[in-house]
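Each chain is listed here by its residues.
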Amino acid sequence: MSCYNASRKVLNWTSAIVHTDLLRVVSRRLVLATKTQSITTMASQEEECKGNLKAQLAKLFEVSLKVTVPNEADVDPLIAACTGKFGDYQCNNAMGLWSKIKGKGTQFRGPPAVGEAIKNNLPTSEMIDSCSVAGPGFVNVVLSKNWMAKSIQKMLVEGIDTWAPQPPVKTAVVDFSSPNIAKEMHVGHLRSTIIGDTLARMLEFSKVKVLRRNHVGDWGTQFGMLIEFLFEKFPNFEDATETAIGDLQAFYKASKQRFDSDPAFKERGQQAVVRLQGGEEKYRRAWAQICEISRTEFHKVYQRLGVHLEEKGESFYNPYIPGVIEGLTKQGLVEESQGARVIFIEGINIPLIVVKSDGGFNYASTDLAALWYRLNEEKAEWIIYVTDVGQQQHFDMVFKAAKRAGWLPQGDNYPKASHVGFGLVLGEDGKRFRTRNTEVVRLVDLLDEAKNRSKAALIERGKGEEWTEEEIESTADAVGYGAVKYADLKSNRLTNYTFNFDQMLNDKGNTAVYLLYAHARICSIIRRSGKDVEELKNKGTLVLEHKDERDLGLHLLQFAEVVEEACTNLLPNVVCDYLYNLSEIFSKFYSNAECKVIGSDKETSRLLLCEATAVVMRKCFNLLGITPIYKI
């Protein structure tokens, strides 16, 4: 039984609740009879939930709720981390239940009494040290330090992957980056690429098969203009290379200027589109040549960012468009409007145009065909589109059209499609980030600048004399590119953020540089101990006696639910917040004289706690697409 299914309100992941036979027939009598001993079935369910504290507690409270209010069906446990001093987690069902059962002849006399009953009906579990009821029935839970320590040590032995979430989908498409052929990738593509890669990584960590799709703009009327210009500049166009063509952006601009100013050229360009779309071999070869040169440019960005995508551009879905439009027409969804063929969407004033008045297709046509393909051919259960917030309405209309067609279910059930919007990248003047001559910033140049600044900082600190050139280069890569990624990901993606090299490369505060250095320091502590950590994992024992040790242990154990929350809501900044807080909590633990690591009588335990922190930090870096460093 999946932990997601058992506690959908706790985990915010929509899926059907599947109950075991035990939980269907469990009665007050059975639970009360076994409250004084651990329940084997419950232990196995906790095992299924692995690292997710909320899910494990939800399983326990689910049993209690069935006993407390046996006549109330489908009561989902409402579990939240405590913000006060009364416990680690709390169950918040009492008030809601009281509003349901009062006046029904209930034995309870208010929410506090309901809370007491929920507490008293909890089955015994080694994970709970104590429970108390506060205020209007909040059931506060204090976790067992021994159980926490054993859980962390078990993760160290079995690996962090045992703490991965378990979403109710097997296959997902993440559509991200998606630049236009023959145009430079700009900072908007940087955001889409970084955010999309992180979402893909989180889902892949969760054992989901992720189809990383680069939906490049490689089809449309502009290609007639580009092809004709290519023929003009390079009669033997197949010999044209990236070097020969030069700056792709300049090539595009020159062809556009010619198209707009020369009627004869414009006519040839329009005829070229027809020939290309008609499949004429020479035009197809020229089109493929332009696309390949663009891919070479795109690859320079992807290589620096460590991002992998599979290209399926607009041209891939073009053959599917007529059949998709015909199917929608047969369903009665497509109507004539001012010479075009459109789908009207309830609640939206403008229609979704699927065939233009000249008979041509557009973005909506392609996106509908792509959605149909992903659902029917690739069997994706979750399709995620990462674009700027300006395309929110477009995708909203596409998804609603798909629901009208019956491709997607109503509501928020799977299979489903989600639009992941993001805000602008701003310059220090508060305006859209551009170079001084108002051109968009070349991403390769921007990333190289970040690396070069990082390298200069390392040399300034004397690392050029201590480290090899390879170490300098790899560290500058990790820090420079990681700084750019983290500066983007740490803010809620829907907000704008200001691009500032000095801030993102600062080694203090909430930056990748600070976090990477914090990880390297932990690795240094372990190295200086001279102990074999792998041996300690299997032979040593982790304990959480001191408050700072326990605080750090609790935060480590919250990793699984944090990743789950980030996946559910498609918000990478949730992982960033967790990672920064983890480094701060570790710093508090390590700087406390009472928690001395090397040379203390608790050295083994505290080295294991250091290692667990490093392991979780590395997984967070991995999810964010950041390469960790191991020395500074």
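How each quantity is defined
Residues numbered from 1 in each chain as written. Predicted model: local features only at pLDDT ≥ 70, side-chain atom pairs only at ≥ 80, totals over all residues. Heavy atoms only, no water. Helix = DSSP H or I, 4+ residues; strand = E, 2+ residues; numbered from the N terminus. Buried < 20%, exposed > 50% of the residue type's maximum accessible area, 1.4 Å probe, protein only. Contact = heavy atoms within 4.5 Å. Areas by Shrake-Rupley, 256 points an atom, 1.4 Å probe, with all protein chains shown as cover. Pairing = 2+ DSSP bridges. Axes fitted to C-alpha atoms, helices over the stretch in contact; angles between N-to-C directions. Left-handed = near helix turned anticlockwise from the far one by under 90°. Nonpolar A, V, L, I, M, F, W, Y, C, P; charged D, E, K, R; others polar. Salt bridge = Lys/Arg side-chain N within 4 Å of Asp/Glu carboxyl O. Polar contact = N/O pair within 3.5 Å; in protein donor to acceptor, adjacent residues only side chain to side chain. Right-handed = clockwise from strand over helix to strand, strands pointing away. Arc of directions from axis to C-beta. Phe/Tyr/Trp six-rings, centres within 6.5 Å; stacked < 30°, edge-to-face > 60°.

(A) Spatial organisation of the overall build of the protein chain. The helix and strand tally for the protein chain stands at 29 helices and 14 strands. The buried share among the 632 residues of the protein chain stands at 54%. Restricting to contacts in the protein chain with at least 6 residues of sequence separation, those with at least 24 account for 73%. Summing over all exposed atoms, the protein chain offers an accessible surface of approximately 27900 Å²; the carbon and sulfur share of this is 48%.

(B) Quick look at the sheet that holds strand 3 (residues 128-134). Across the sheet, four strands lie side by side as 1-2-4-3; this open sheet has antiparallel pairing. Taken across any chain shown, the strands that pair with only one partner, and hence form the sheet edges, are strand 1 (79-81) and strand 3. This sheet shows a mean twist of 25° between the axes of neighbouring strands, independent of strand direction.

(C) A look at the packing of helix 7 (residues 94-101) against helix 8 (residues 111-120). Look at helix 7 against helix 8: their axes get within 8 Å of each other, and the N-to-C directions meet at 115°. Every pair of crossing elements has a handedness; the one defined by helix 7 and helix 8 is right-handed. Judged by residue contacts, Ala94, Met95, Leu97, Trp98 and Ile101 of helix 7 engage Pro111, Val114, Gly115 and Ile118 from helix 8. In terms of residue class, the contact of helix 7 with helix 8 is made up of eight nonpolar, one polar and no charged.

(D) Inspection of the pattern of salt bridges at higher detail. For the structure shown, the criterion picks out 44 salt bridges. Between lysine 59 and glutamate 62 there is a salt bridge, with its nearest N and O atoms 2.8 Å apart. With lysine 59 and glutamate 62 both in helix 6 (residues 53-68) and three residues apart, the pair spans about one turn of that helix. Of the two residues examined, lysine 59 and glutamate 62, each falls in the buried class. The salt bridge involving lysine 300 is made with glutamate 297; its shortest N-O contact spans 3.0 Å. Of this pair, lysine 300 and glutamate 297 both sit in helix 15 (residues 281-305), three residues apart, which is roughly one turn of the helix. Judged by relative accessible area, which is 28%, lysine 300 ranks as partly exposed.

(E) Fine view of the pairing of strand 9 (residues 340-343). Pairing analysis gives four bridges linking strand 8 (residues 334-337) to strand 9, with the strands arranged antiparallel. Considered in strand 9, the bridge of valine 334 is made with isoleucine 343. Where strand 8 hands over to strand 9, the hairpin turn is made up of two residues, of which glutamine 338 adopts a positive phi near 50°.

(F) Geometry of the side chain of arginine 374. The residue arginine 374 is located in helix 18 (residues 363-376) in this model. Separated by 3.4 Å, the side chains of arginine 374 and tyrosine 317 make a polar contact. Ignoring sequence-local partners within four residues, the contact set of arginine 374 consists of Val173, Asp175, Arg213, His215, Tyr317, Lys379, Ala380, Ile383 and Tyr385.

(G) Broad picture of the pairing of strand 5 (residues 171-175). Summarising burial for strand 5: five of the five residues are buried, a large majority. Looking at chain direction, strand 5 and strand 6 (residues 209-214) are connected through five bridges and run parallel. Bridge pairing links valine 174 to arginine 212 in strand 6. Crossover handedness for the path strand 5 to helix 10 (residues 187-205) to strand 6: right-handed. Relative to strand 11 (residues 382-388), strand 5 is paired through four bridges, and the arrangement is parallel. Following the sheet pairing, valine 174 is matched in strand 11 by isoleucine 384.

(H) Structural view of the side chain of aspartate 488. Within the secondary structure, aspartate 488 is located in helix 22 (residues 469-489). Judged by relative accessible area, which is 0%, aspartate 488 ranks as buried. The contacts of aspartate 488, once residues within four sequence positions are left out, are Arg191, Ile194, Ile195 and Tyr497.

(I) Here's a closer look at unusual backbone geometry. Cis geometry marks the peptide bond from tyrosine 414 to proline 415, where omega comes out at 0°. Inspection of the secondary structure puts proline 415 in the loop between helix 19 (392-404) and strand 12 (416-422). The phi dihedral of aspartate 74 is positive, around 50°, even though this residue is not glycine. One can find aspartate 74 in the loop between helix 6 and strand 1.

(J) Quick peek at helix 7. Along helix 7, the residues that are buried comprise Ala94, Leu97, Trp98 and Ile101. Burial along helix 7 is one-sided: seen end-on, the buried residues are contained in an arc of 105°. Of the surrounding elements, those touching the buried residues of helix 7 are helix 6 and helix 8.

(K) Inspection of the packing of aromatic side chains at higher detail. The full count for this structure, using the stated rule, is 21 aromatic pairs. The interplanar angle of 65° and the centroid separation of 6.0 Å between the aromatic rings of phenylalanine 205 and phenylalanine 559 together place this pair among those described as edge-to-face. Taken as a pair, phenylalanine 205 in helix 10 and phenylalanine 559 in helix 27 (residues 559-569) lie far apart in primary sequence, 354 residues in all. Per residue, the accessibility class of phenylalanine 205 equals that of phenylalanine 559, and both read buried.

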